[in-house]
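One letter stands for each residue in the lines below.
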Amino acid sequence: MKLGDPEIPIEVREKQAMAAATPVPAFSRDEVKVIFVLGGPGVGKGTQCAHLVRDYNFVHLSAGDLLRAEQAREGSEFGELISTYIREGKIVPQEITIALLRNAMQDEVKTGRTKFLIDGFPRKMDQAVKFEEDVAVSEFTLYFECTEEVMLHRLLKRGETSGRADDNIESIKKRFKTFVETSMPVIDYYRTQNKVITVPCEKTKEEVYDLLKEKISDRMSI
Ligand SMILES: Nc1ncnc2c1ncn2[C@@H]1O[C@H](COP(=O)(O)OP(=O)(O)O)[C@@H](O)[C@H]1O
Ligand SMILES: O=c1ccn([C@@H]2O[C@H](COP(=O)(O)OP(=O)(O)O)[C@@H](O)[C@H]2O)c(=O)[nH]1
Ligand SMILES: [Mg+2]
C-alpha cells in the first residue's frame, strides 16, 4: 500500500498524511540548540543553569520541575504516578517527560526563544534515543561531577527548606542508585560520541561557574 492509495480508508490516509507532514525530529538543529545538563542529584545542575540563564540567552527547562508542576496540576491523569516515581527515585516513563519537554519547547519557540538548557534529562537511555529521534538532537552534554558525600550534604541541606518529597535520606539513597545504574550509561553513551563536557562541582557555586564558563567559552556562539 502506498501513501495516497485510494484503497486505503480515508481516516488512515489522513493519519498517514499528518505523520508525513510532522518533521522528525520536530525541531532541526538550525531551529533550536539543545544542551543536556546531567549529573547526580544535588550536584548543582539547577544552580549552574540559573547562572547561565542570567548571563546568556538560554531557556532553562528542568525535567524535574516540569514533572512536579504536572504532578501538582489539577486534573492531571499522571499526578499520582509521578508522585510515586519521584519519591522512589525512579525514572518516570519517557512518554510523559518527553511530552512535557516538547510542549514547553514549542511554547518558547513560538516566541522566538530557541536555545535550551535541558536540565536533569535524559536520565535513561530510552529517553535519550526517543528525544533525539522525535524532538531535537543535542549539541552537547554538560556533566556536573562530584562525590556522593558532597551531594548528600547539599541535598539534606536543601531538604530543610525545599519541601520536596525526595529530599530525605531514604529517597536520596534510591536516587543515587538510579543515577549510577540508569543515568551514568547515558553520559557514557554521549562520551563515545565526544559530546560531553565534564565540570567538577566540589568547589563553591561561583568557582564552579567560573570553571564552567571557561570550559564552554568556545561553544557560546551557538
Ligand atoms: N557549588 C556548590 N556549593 C555548595 N552548595 C551548592 C553548590 N551548588 C549548589 N549548591 C546547593 O546545593 C543544593 C542542590 O543544588 P541544585 O542546583 O538544586 O542541584 P541539582 O539541580 O543538581 O539537584 C541547593 O541547595 C544549592 O543551593
Ligand atoms: O527526566 C526525568 C527527570 C526527573 N525525573 C524524576 O524527577 C526526580 C527529580 O528530578 P530533578 O532533576 O528535579 O532532581 P535533582 O537532580 O535536581 O535533585 C528524579 O529523581 C526522577 O524521579 C524523571 O523521572 N525523569
Ligand atoms: Mg535540580
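Everything numeric here is computed off the predicted structure, so don't read it as measured data.

Asks: Account for a negative patch on the surface, with residues named and values stated.
Replies: Together, E206, E207, D210 and E214 line one region of the surface with negative charge. Residue position: D210 is located in helix α9 (residues 205-216).

Asks: Provide a residue-level description of the site of ligand 1, including the pertinent values.
Replies: In the vicinity of ligand 1, the contacting residues are G40, G42, V43, G44, K45, G46, T47, R154, R158, K203, T204 and K205. A distance of 3.0 Å separates an oxygen atom of ligand 1 from a polar atom in the backbone of G46. Considering ligand 1 on its own, with 560 Å² of exposed area, one finds that the protein chains cover 76% of that surface. Take the shell around ligand 1: its biggest share by element is three residues, from helix α2 (residues 45-55).

Asks: So what's going on with the UniProt feature "binding site: a ribonucleoside 5'-phosphate" (unreviewed entry) in the protein chain? Residues and values would help.
Replies: UniProt annotation of "binding site: a ribonucleoside 5'-phosphate" (unreviewed entry) refers to R68, K90, I91, V92, G120, F121, P122, R123, Q127, R164 and R175 when read in the numbering used here. The named residues occupy 108 residues along the chain; their greatest pairwise C-alpha distance, 23.6 Å, places them well apart from one another. Checked against the element boundaries, F121 lands in the loop between β3 (115-119) and α6 (125-134). Non-local contacts of F121, meaning those with residues more than four positions away in its chain, are made with F36, V37, L38, A63, T97, I98, L101, Q127 and F131.

Asks: Residues and numbers for the UniProt feature "binding site: ATP" (unreviewed entry) in the protein chain, please.
Replies: UniProt tags G42, V43, G44, K45, G46, T47, R158 and K203 as "binding site: ATP" (unreviewed entry). What R158 contacts, discounting residues up to four positions off in sequence, is R164, D167 and R175. Examined against the element boundaries, K203 turns out to sit in the loop between β5 (196-200) and α9. The residues contacting K203, other than those within four sequence positions of it, are R154 and V208.

Asks: With reference to specific residues and values, describe the pairing of strand β4 (residues 140-145).
Replies: Taken across its six residues, β4 has five buried, putting it largely inside the fold. Relative to β5, β4 runs parallel, the two sharing five bridges. Within β5, the position partnered with L142 by the bridge is I197.

About the thresholds
Residue indices follow the written sequence of each chain, beginning from 1 at its first position. Whichever chain is written first is A, and whichever ligand is written first is 1; the rest continue in order. Per-residue local features are limited, in this predicted model, to residues with pLDDT of at least 70; the limit for side-chain atom pairs, both in listing and counting, is 80 or more; totals at the level of whole chains, interfaces and linings are taken over all residues. Processing note: side-chain calculations cover all non-hydrogen atoms of the structure and skip hydrogens and water entirely. Nonpolar side chains (Val, Leu, Ile, Met, Phe, Trp, Tyr) within 5 Å and like charges within 9 Å form the patches, drawn only from residues with over 30% relative accessible area and no salt bridge. Note that accessible areas follow from Shrake-Rupley with a 1.4 Å probe, and for residues the cover is restricted to the protein chains shown. Take a side-chain nitrogen of Lys or Arg and a carboxyl oxygen of Asp or Glu: if they are within 4 Å of each other, that pair is a salt bridge. Residues counted as positive are Lys and Arg, residues counted as negative are Asp and Glu, and His and the chain ends are not counted. Every charge is mapped to an atom, namely NZ of Lys, CZ of Arg, CG of Asp or CD of Glu. Runs of E in the DSSP output that reach at least two residues are strands. Runs of H or I that reach at least four are helices, and both are numbered from the N terminus. Summary of the distance rule: residues count as near a molecule or strand when at least one heavy atom falls within 4 Å of that molecule or strand. Side-chain atoms alone can form a polar contact between residues adjacent in sequence; in general such a contact is a pair of N or O atoms within 3.5 Å, and within protein one must be able to donate a hydrogen while the other accepts it. UniProt positions are given in the numbering used here, feature names are shortened, and annotations may be inferred rather than shown by experiment. Whether two residues are in contact is decided by their heavy atoms: any pair within 4.5 Å suffices. The buried label applies to any residue whose accessible area, calculated with a 1.4 Å probe on protein chains only, is under 20% of its type's maximum; exposed applies above 50%, and partly exposed to all values in between. Strand pairing requires that DSSP identify at least two bridges connecting the strands.

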